[in-house]
2 protein chains.
Amino acid sequence: MPVGLNPDEHELLARIAHRSYVDARTQEQIAEEFALSRPKVGRLLERARATGVVDIHIDTPRGLDLGLEDRLAEVFGLRHAIVAPAAAEPAEQRALVGRSAARYLERRLADGQRVAVGHGRDLAALAAAFREPTATGCVFVSAMGGSPSVDAPTNPNEIARVLADAADGTAHSLYAPAYVADGQVRDQLRRQDAVGGVFDLAATAALALVGIGGTDDECTMVRSGCLSAAEIARLRARGAVGDVLGTYLDAAGAAITAPHSERVMGLSLTELRNIPAVVAVACGPEKPLAILGVLRAGIVDALVVDEPNARAVLNLQSGARADRAQES
Amino acid sequence: MPVGLNPDEHELLARIAHRSYVDARTQEQIAEEFALSRPKVGRLLERARATGVVDIHIDTPRGLDLGLEDRLAEVFGLRHAIVAPAAAEPAEQRALVGRSAARYLERRLADGQRVAVGHGRDLAALAAAFREPTATGCVFVSAMGGSPSVDAPTNPNEIARVLADAADGTAHSLYAPAYVADGQVRDQLRRQDAVGGVFDLAATAALALVGIGGTDDECTMVRSGCLSAAEIARLRARGAVGDVLGTYLDAAGAAITAPHSERVMGLSLTELRNIPAVVAVACGPEKPLAILGVLRAGIVDALVVDEPNARAVLNLQSGARADRAQES
DNA sequence: CCGAAACCTGAGCATCCGCTCACCACTGAG
DNA sequence: CTCAGTGGTGAGCGGATGCTCAGGTTTCGG
């Protein structure tokens, strides 16, 4: 029961709340009935809500924590944050994140929008769960190169195709590897019409859909053969915590620069920043630092993650803020 | 959890409800966020309420049953129905009803209103609990004669005085007995300025405050000496179930007529009907039929009763309706 | 006892919300 | 395949709501 309220006041608030919420009377009618002014009734109703005399409870589907999403969006300045319920099995967890991301994307897509598509198991899970959205005529474009095993479901081309199929739209594939030998080769490749044209389409997309990769030896880049274990180790040594479209970032959100960054066949951070909306999807226990780095880079507009990552990232960030506060 | 809702729909309703009720966003902002039209968001919120995804609970003070009040008001066409919580002890019950009635009257009184006042233990309890209302300059007028023991706290004069004191208003006393020998004496008395003037004041009051008397041998009329046990028994034999200002009614709400009705020194039912608002107060286990009769007479605008009576009266009425339905 | 500050109050106004209505897509029967 | 019926959708509008602000009252401290 509400505290700091005398019984008469409590009764009045309950009566007025009853009229308002149960009988759906207008504030004016209630004012009339209780011989009060209309604004006063409004204030009493507000007070009833504030003191808990009226308790509005929302039956959230099991596992969904909307407050957590709000905090995530607030702390990192995101437009949308979607937190999928926690799951015991990694595969199940990825499916849940994929499903959440799919529902989100279905809502978010607008007619005729072009979508730049990244790679990874999380985006593959999104694609697998994706159903026909309300929007029509959408175009899905690979935003980065592929891995040696070209038909793997985690390749951008494959993901773009699956999405286009489900959305009854079209797909543009990028026929290039994720990494080339050096910047010179990259520039040369991008000058090819078949490659550069797709890059341009991706760079001017209305929306980018990206995974967040890790820097462990089991990450997608290594498993798919895009990078060697030695290369990943070198990136780790330079402070890399994760990647977006092949560009690696440190924990502060800064890009790991040349020579590695010049070998990437994927939209750069600058190009990504020019896309109006970047949707990032991530899950898995190895990801908190990677997500943190990407969020701090300020390129992400919407984030879809599993609950453990959401909590972990928030803890890392608030810990960092506490540290800074202590220093000063 | 809500039934008949698929999980995706449930999640969407919960998300939208969260934005609306927790984050206090406007429907337009929500529509923007979820790529829906504004009316659609309104409909979804309505649906969320209907399906129980949002559950609005009102913390009612212990013992208060606002739904019961609503039914009472609905069934008998009352403007207000106030039900005081049930109590174990009769004295406690009367105090609770008196308190509820006092709070109600304090709210209801408007500046300068004249109030016609009846008698009885229930009104005495009201007067005892009465505190200064917001309205000022109110006038309290006895609407019926008194009992032989003139200073008893249940006499109209005494009740009017207490109310006037508390409200910082004025009181007009009626110096006449509740019953006289016959109609001739009554008319004669009412022609006296000191008596007739007060009657006129009472008859043109903005509000009447009446108790509902029973017809048992322990009723106020008998206990105060206004009527003898024999007289009450005769009234019972004629079908009387209760009284208002000394006028007895049967269970259908019709007045018991002459000769008894002509001996009353109190506002008649007709006079009462001309008063814009009649507030009746009643409590006690012997009262259900009396209350029923008075309510059926259609003179009452607002009723204050204890919970047992409220339930009993509703049961009696719905039983009667069922009977009539069965006949036809 | 007096002054000032804090609070509460109700008028006026801009915004928000629910309702009505015409329109359209989908469905099922002919 | 056609067409009436049904359920859902968004425009437009009038009423309802929340907010701001000036005025008045209470309650402190001096």
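Reading guide: rules and limits
- Within each chain, residue numbers correspond to sequence positions counted from 1 in written order.
- Starting at A for chains and at 1 for ligands, labels are handed out in the order in which the entities are written.
- Note on the predicted model: pLDDT of at least 70 is required for a residue's local features to be given, and 80 or more for side-chain atom pairs to be given and counted; whole-chain, interface and lining totals, by contrast, use all residues.
- Hydrogens and water are ignored here; the side-chain numbers use all heavy atoms of the structure.
- Whether a residue is near a molecule or strand is decided by its heavy atoms; if any one of them lies within 4 Å of it, the residue is near.
- N or O atoms closer than or at 3.5 Å make up a polar contact, with two conditions inside protein: a donor-capable atom paired with an acceptor-capable one, and, for residues adjacent in sequence, both atoms drawn from side chains.
- Secondary structure is summarised from DSSP: a helix means a run of H or I of at least four residues, a strand means a run of E of at least two, and numbering begins at the N terminus for each.
- Under the convention adopted here, Pro, Cys and the residues Ala, Val, Leu, Ile, Met, Phe, Trp and Tyr are nonpolar, Asp, Glu, Lys and Arg are charged, and Gly plus all remaining residues are polar.
- When the copies are superposed, the least-squares fit draws on C-alpha atoms of residues that have pLDDT of at least 70 in both.
- By definition in these notes, contact holds between two residues if any of their heavy atoms fall within 4.5 Å.

Some points on the protein's contact with DNA strand C
Alright, step 1. Close contacts around DNA strand C come from S37, R38, K40 and R43 of chain A together with T26, Q27 and R38 of chain B, and that covers them all.
Alright, step 2. Each atom of DNA strand C within 4 Å of the protein was classed as base or backbone; sugar and phosphate made up 50%.
Alright, step 3. At 2.9 Å from a phosphate oxygen of DNA strand C is found a side-chain nitrogen or oxygen belonging to S37 of chain A.
Alright, step 4. For DNA strand C, a phosphate oxygen lies 2.6 Å from a polar atom in the side chain of K40 of chain A.
Alright, step 5. When residues of the surface near DNA strand C are assigned to their parent elements, the largest contribution, three residues, is made by helix α3 (residues 38-51) of chain A.

Focus on unusual backbone geometry
Comment: phi is negative for the bulk of residues other than glycine, and the bulk of peptide bonds are trans.
Alright, step 1. Despite not being glycine, D168 of chain A has its phi angle at roughly 60°, a positive value.
Alright, step 2. Relative to the elements of secondary structure, D168 of chain A occurs in the loop between α7 (156-167) and β5 (170-172).
Alright, step 3. In this model, A35 of chain B sits at a positive phi of 55°, which is unusual for a non-glycine residue.
Alright, step 4. Mapped onto the fold, A35 of chain B is located in the loop between α2 (27-34) and α3 (38-51).

Here's the deal with the protein's contact with DNA strand D
Alright, step 1. Close to DNA strand D lie T26, Q27, R38 and R43 of chain A together with S37, R38, K40 and R43 of chain B, which account for all nearby residues.
Alright, step 2. Close to the protein, within 4 Å, the atoms of DNA strand D are drawn from sugar and phosphate at a rate of 46%.
Alright, step 3. In this structure, K40 of chain B approaches DNA strand D through a side-chain N or O atom, which is 2.6 Å from a phosphate oxygen.
Alright, step 4. Interatomic distance of 2.9 Å between a side-chain N/O atom of R43 of chain B and a base oxygen of DNA strand D.
Alright, step 5. The set of elements that each furnish at least two residues to the surface near DNA strand D consists of α3 of chain A together with α3 of chain B.
Alright, step 6. Sort the elements by how many residues they give to the surface near DNA strand D and α3 of chain B lands first, with three residues.
Alright, step 7. Residue composition of the surface near DNA strand D, by class: no nonpolar, three polar and five charged.

Some thoughts on the relation of the copies chain B and chain A
Alright, step 1. Overlay of chain B on chain A (RMSD 0.1 Å): rotation 179°, translation along the axis 0.0 Å. Such a combination of turn and shift is consistent with a two-fold rotation axis. If distances are taken from each C-alpha of chain B to the rotation axis, the shortest is found for I56 of chain B, at 2.3 Å.
Alright, step 2. Comparing contact sets, 100% of the residues at the interface of chain B also lie at the interface in chain A, consistent with an isologous, same-surface contact.

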